[in-house]
Amino acid sequence: MHLELNMSADPTQQLFQMIDERRDELVELTRALIRFPSVNPPGDAYRPCAEFIGRRLGKRGFAVEYVHAAGTPGDDERHPRINVIARRESGAHGPCVHFNSHIDVVQTGAGWTMDPFAAIVKDGMVYGRGACDMKGGLAASIIAVEALVDCAARLPGTLEISGTVDEETGGYGGVHYLAQRGWFSPGRVDHVIIPEPLNVGRVCIGHRGVWWAEIETLGRMSHGSMPFLGDCAVRHMNAVIERLERDLCPRLAARRTAMPVVPSGARHATLNINSIHGGAEEQSGYPAPCVPDSCRMIIDRRVLIEEDMDGVKAEVRDLLEQLVNDRAGFAYRIRDIFEVLPTMADRNGPVARSTAAAIRRVLGREPEFICSPGTYDQKHIDRIGKLRDCIAYGPGILDVAHQPDEFVRIDDLVNSAKVMAMAARSLLLGAA
Ligand SMILES: [Zn+2]
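These numbers were taken from a predicted model, which means no experiment stands behind them.

Six octahedral donors at a metal ideally form angles of 90 or 180 degrees, and four tetrahedral donors ideally form angles of 109.5 degrees. The zinc ion binds to the protein through His 102 (NE2), Asp 133 (OD) and Glu 196 (OE); the donor distances cover 1.9 to 2.1 Å. Read from N- to C-terminus, the donor residues coordinating the zinc ion fall into the pattern H-x30-D-x62-E. Here His 102 is found in strand β3 (residues 96-102), whereas its partner Glu 196 is found in the loop between β7 (191-194) and β8 (202-207), with 94 residues between them in sequence.

Shown next, in the form of structure tokens:
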């Protein structure tokens, strides 16, 4: 009798009901995750946080593995880079749907009106560092997957959840390390959802690229009272900035990508000057009276999918070479710091389509397809893992990430869990 009732009911509706019943559990899980102060750098509390996730999913029939990214940046005895991967194979042939969340959070910073790790619930929201980016998303994906495991109809295929480290510092001890070792590869995983905070009604299909470089201008030291005897590296850097402003920035602003990047200002190529430093270090409040012989500037160039990385670098080098020709005494060095190529999944691919359909059903509105202005771990899954069917979808509000009094709305947690569960279900059934 009971079985017949279940079989006749709409399975998606059943799934939603199950998630609604677990609303409080979802809130408590989010809070429990926030209470691990997994601040990166340095990478605190990674092991207990990973083990908490592993223990929970282990009890639900998942095979749990911990991967220590030994020797990656920041890894030492006090701050081991511990990742957790939990996998549950149904036994029936089907694809593998993977939810990947980073467990690290950024520093708390100033301006909090409450304890960032107390996970306070107030006015329909959970507050705390990581609530939005992205422990709320991780909790929603765990509840979604558990509901799928518990739902009446047995589903084919494999469900996988990972909690990975170091996303906020480039992912080298996390998804980068795992992708290099085959954890994210075709044959093992088919579809990936990353519950980053990109708003509950949006499907994020990719991100712009990045190039960081250090430019150093060189001068000649002399006594500050006789600057005409030296050659000031800071003034040379000023000339570099003038050229960037005059020649490069207008060209970048004129380039517009077909990627649906939000906010719209980020639909253009951009350049930021991250830092600039010239001259002697300040001792007892004052620098030495010297003409600086070195000035260093770090630039952050965000790259569109239509641009080519070699061309992006050549543009800056050409500008510096022009200064060598035009400006007396101009000499420079340039050093690559790191680069990430832009990435964009197919918006008509299975994971984007099934997530979009689930948003329509759960929220009753058209989903928005977007790209992120900054990067996240999709770059490693795509470029190293060669898994193209990957999107970001999660409950947090993008603008709230990394801010004081960071929060996630409980309604968004529940709705995103429903979207993730419904999307995964249709992917497992091959219906997307
Ligand atoms: Zn994040």
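Okay, back to it.
Turning our eyes to something else, we now look at the layout of surface pockets. The computed volume of the largest pocket comes to approximately 740 Å³. Surrounding the largest pocket, 27 residues form its lining, Glu 168, Arg 302, Gly 374, Thr 375 and His 402 being those nearest its centre. Listing elements by their share of the lining of the largest pocket, those giving two or more residues are β9 (209-218), β13 (294-303), β14 (331-340) and α10 (378-383). Taken together, the residues of the lining of the largest pocket break down into 12 nonpolar, seven polar and eight charged. Counted as a void, the second largest pocket has a volume near 190 Å³. Lining the second largest pocket are 14 residues, and of these Arg 88, Ser 90, Leu 148, Val 149 and Leu 155 lie nearest its centre. For the lining of the second largest pocket, the secondary-structure elements that each account for two or more residues are β2 (82-89), α5 (131-150) and β6 (158-164).

The next point concerns the pattern of salt bridges. Oppositely charged side chains can pair when the atoms bearing their charge come close. Applying the stated criterion across every chain, the model contains 31 salt bridges. The partner of Arg 361 in a salt bridge is Asp 10, and the shortest N-O contact between them spans 2.8 Å. Taken together, the residues Arg 361 in helix α9 (residues 350-363) and Asp 10 in the loop between α1 (2-8) and α2 (11-21) connect sequence positions 351 residues apart. Owing to a relative accessible area of 37%, Arg 361 belongs among the partly exposed residues under this scheme. On the basis of relative accessibility, which here comes to 35%, the residue Asp 10 falls in the partly exposed class. With a closest N to O distance of 3.0 Å, Asp 326 and Arg 243 form a salt bridge. Here Asp 326, found in helix α8 (residues 309-326), pairs with Arg 243, found in helix α7 (residues 233-254); they are 83 residues apart in sequence, far enough to count as distant.

Here the residue pair Asp 133 and Met 134 is connected by a cis peptide bond, since its omega of -5° sits within 30 degrees of zero. You can see Met 134 is positioned in helix α5. Between Val 262 and the following residue, Pro 263, the backbone shows a cis peptide bond with an omega angle of -10°. Mapped onto the elements, Pro 263 comes out in the loop between α7 and β10 (270-278). For Ala 45, which is not glycine, the phi torsion reads 55° and is therefore positive. The backbone phi angle of Ala 119 is positive, close to 55°, even though this residue is not glycine. Relative to the assigned elements, Ala 119 resides in the loop between β3 and β4 (121-122).

What follows is about the packing of α7 against α8. Following both chains from N to C, one finds α7 and α8 inclined at 140°, their axes separated by 10 Å at the closest point. The orientation of α7 with respect to α8, classified from their angle, is oblique. In this structure, the crossing between α7 and α8 has a hand that is right-handed. On α8, the residues that touch Ala 239, Val 240, Arg 243, Leu 244, Asp 247, Leu 248, Arg 251 and Leu 252 of α7 are Glu 315, Val 316, Leu 319, Leu 320, Gln 322, Leu 323 and Asp 326. Residue composition of the contact of α7 with α8, grouped by class: nine nonpolar, one polar and five charged.

Parameters at a glance
- Note that residues are indexed from 1 along each chain, following the sequence as it is written.
- In view of the model being predicted, local features appear only for residues whose pLDDT reaches at least 70, and side-chain atom pairs are presented and counted only at 80 or more, with totals across whole chains, interfaces and linings using the full set of residues.
- The side-chain figures draw on all heavy atoms in the structure; neither hydrogens nor water molecules are used.
- Here a donor is any nitrogen, oxygen or sulfur atom (N, O, S) within 2.8 Å of the metal, with 3.2 Å used for Na, K and Ca; water is not among the atoms considered, so some sites may look incomplete.
- Helix numbering and strand numbering both begin at the N terminus, where a helix is a DSSP run of H or I of at least 4 residues and a strand a DSSP run of E of at least 2.
- Points on a 1 Å grid over protein atoms alone make up a cavity when a 1.4 Å probe fits among them but cannot get out, and a pocket when they form an open set with protein on both sides within 12 Å along at least five of seven lines; lining residues each have an atom within 4 Å of a point.
- Grid points are joined across faces, edges and corners, and a volume is the space filled by probe spheres set on the points.
- Three residue categories are used. Nonpolar comprises Ala, Val, Leu, Ile, Met, Phe, Trp, Tyr, Cys and Pro, charged comprises Asp, Glu, Lys and Arg, and polar comprises the others, including Gly.
- Each reported salt bridge corresponds to a side-chain nitrogen of Lys or Arg within 4 Å of a carboxyl oxygen of Asp or Glu.
- A 1.4 Å probe rolled over the protein chains alone gives each residue an accessible area, and that area as a share of the maximum for its type sets the label: buried under 20%, exposed over 50%, partly exposed in between.
- For every element, the axis is a line fit to its C-alpha atoms; helices are fit only across the contacting stretch, and the angle between N-to-C directions ranges from 0 to 180 degrees.
- Here roughly perpendicular refers to angles of 65 to 115 degrees, roughly parallel to angles under 35, roughly antiparallel to angles over 145, and oblique to all remaining angles.
- If you view the pair so one helix is near and one far, a crossing is left-handed when the near helix is turned anticlockwise from the far one by less than a right angle, and right-handed when it is turned clockwise.
- We call two residues in contact when some of their heavy atoms are within 4.5 Å.

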